[in-house]
Amino acid sequence: MTSILEMLPPARAAEDHAARVAADLPGDRVLCTTLGRGQAAIALAEARPDAEVNLWFLDRYQQQLLEGAVPEPPAALALHCLADPPPTMDGRPYDLAVIPVFKSGEAELTRDILQAALEQLAIGGQLVAAIDNPRDRWLREQLAATGETVRVRADEATKPATVCYIVQKTRPLKKLRDFGCEVVFRDRDRLLTAFTRPGVFAHRRIDPAARHLLNAVDLAEGARVLELGCGSGCVSLGLAARHPSIEVHAIDSSARAVDCLKRAAAHNELPNLTVALEAGGRVPDPGGYDLAVANPPYYADFRIAEMFVEAARIALAPGGTLLIVTKQPSWYVEHLPETWSDVAQELVKGYHLIEAVRA
C-alpha cells in the first residue's frame, strides 16, 4: 500500500526523528504539531488506523499547504487550526504528544506549546520532543523543569543530527504559566487594550509600524476599513475606536492573532470591529472597502506582500486607498504602478509609508 507520505516532501530532521521514536510508544489519542506538512502525524495515523490523531496548526496557511497536497488524509487524522490544542473527540486527555522543534524557533512559543501539550496529557501519557541540535541543552532544560524524568534518544545518523526526548507525565503540572500579555496604548484621545500571545505579531508590545499606520490615517465617518495581516490588531482597534460608524474588518492566518483580536474587540466594546481567520485574502463584500492597511512581513520573498496587494485590489472600491508600512519599499515602488494609481512614498523614522489608489 502506498503511503501518503510519498506525496509530500521529506520531513524535517527533528520531525522525522520524533516520528520514529513515537512509533514505538503506545497511544490511541495522539496530539501532534509539525515543522512542515504533518509528516509525523500522518505516519502515526497510517500506522494506527483506529486511533485519533489530531494535528494542531497555529497558522491556517500551513494547514492549507497540507490540505492541497493531501486531499484525502488518513481516516485517523484530523487537522485543526486553533489558538490552543484541540480537545479529543470524547474529551479524554491524550496518551501521546509529538512536538518537533526548530533550534532557531521562538523560545517563548516553544515553552507555551510544550506546556499546553503536557497539560493535555493523561497521567502516564508521554511527550516526545525532538530538536535539530545534537548539542541541545535548552530544550532538555525546559522539559526537566517540569520535574519529570527526561529520557534521551540521540540520532547522529540524520542530517542534520538531532536529539529526541521522552517525558512521561506522572502527576499534574505544578504551575501553569500564563504566556499572554495585555498591551495598553493610546490612539488619539482613547486608551485601548490589545491582547497578545507567543506566536502573535507583535507579542508584548505595539509595533512601531502599527503606530505609524495609525498616525497616517484620517477616516471619514462611515468608512469601511480592511486590515490585512492584523497580528495583535492594534491598528484595527485604533481605527474602530475613532467612531462607531467606521466598520473595520481584520484578517490573519494566525489562529492566535484572530483569537486575541476577538477578545480585544469585546474588551474595548467595539462591535464595529470584526476579525476572521483567513490565509488567502478573501473578505466579505469584495469591492466595498474604502481603505486597506497592511504591515506585510519581510520574509517569503514578497510572496505575502504580493498576496496582500492583490487582496486589497479585490477588496477596495474604485478610488479606494491602500496604505502599507514597510522598511523595504523597493518591491512596492517597482510593482504597484503597474496596476495602481497615484503611488506615493513617504519616509517616517526609518519606515516607508506606501500609498496607492485603486484605479
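Fair warning: this is a prediction, and the values are worked out from it, not measured in the lab.

What counts and what doesn't
Residues numbered from 1 in each chain as written. Predicted model: local features only at pLDDT ≥ 70, side-chain atom pairs only at ≥ 80, totals over all residues. Heavy atoms only, no water. Disulfide = S-S within 2.5 Å. Salt bridge = Lys/Arg side-chain N within 4 Å of Asp/Glu carboxyl O. Helix = DSSP H or I, 4+ residues; strand = E, 2+ residues; numbered from the N terminus. Buried < 20%, exposed > 50% of the residue type's maximum accessible area, 1.4 Å probe, protein only. Polar contact = N/O pair within 3.5 Å; in protein donor to acceptor, adjacent residues only side chain to side chain. Contact = heavy atoms within 4.5 Å. Pairing = 2+ DSSP bridges. Axes fitted to C-alpha atoms, helices over the stretch in contact; angles between N-to-C directions.

Novice: Help me understand the state of the cysteines in this model?
Specialist: Within the structure shown, the criterion is met by zero disulfides. You can see Cys-260 has no disulfide; the closest cysteine sulfur is in Cys-230, sitting 9.5 Å from it.

Novice: Could you clarify how one ought to interpret the pattern of salt bridges in this entry?
Specialist: Opposite charge on two side chains lets them pair, provided their charged atoms get close. In the structure shown here, the tally under the stated rule is 18 salt bridges. The shortest N-O distance in the salt bridge between Arg-29 and Asp-95 comes to 2.9 Å. Taken together, the positions of Arg-29 in strand S1 (residues 29-32) and Asp-95 in strand S4 (residues 94-101) put the pair 66 residues apart, joining distant regions of the chain. When its relative accessible area of 12% is taken as the criterion, Arg-29 is described as buried.

Novice: I would appreciate a short explanation of the side chain of Asp-155 in the present structure.
Specialist: Residue placement: Asp-155 occurs in strand S6 (residues 150-155). Only 2.5 Å separates the side chain of Asp-155 from the side chain of Arg-20, close enough to count as a polar contact. Discounting residues that sit within four places of it in the chain, Asp-155 has contacts with His-17, Arg-20, Ala-161 and Thr-162.

Novice: How do you make sense of the sheet that holds strand S14 (residues 316-326) when you look at a structure like this?
Specialist: Strand pairing in a sheet is mediated by backbone hydrogen bonds. Such pairs are either parallel or antiparallel. Pairing is mixed in the open sheet, where seven strands are placed in the order S12-S11-S10-S13-S14-S16-S15. With one partner strand each, in any of the chains shown, strand S12 (273-277) and strand S15 (340-348) form the two edges of the open sheet. Pairwise comparison of adjacent strand axes, ignoring direction, gives a mean angle of 15 degrees for this sheet. Here S14 pairs with strand S16 (residues 351-358) via six bridges, running antiparallel. Among the inter-strand pairings, Leu-323 is bridged to a residue of S16, identified as Glu-355. Helix-sheet contacts for helix H9 (residues 303-315) involve strand S10 (224-228), strand S13 (289-294), S14, S15 and S16, and the interaxial angle to S14 is about 155 degrees.

On their own, these measurements won't tell you what the molecule is for.
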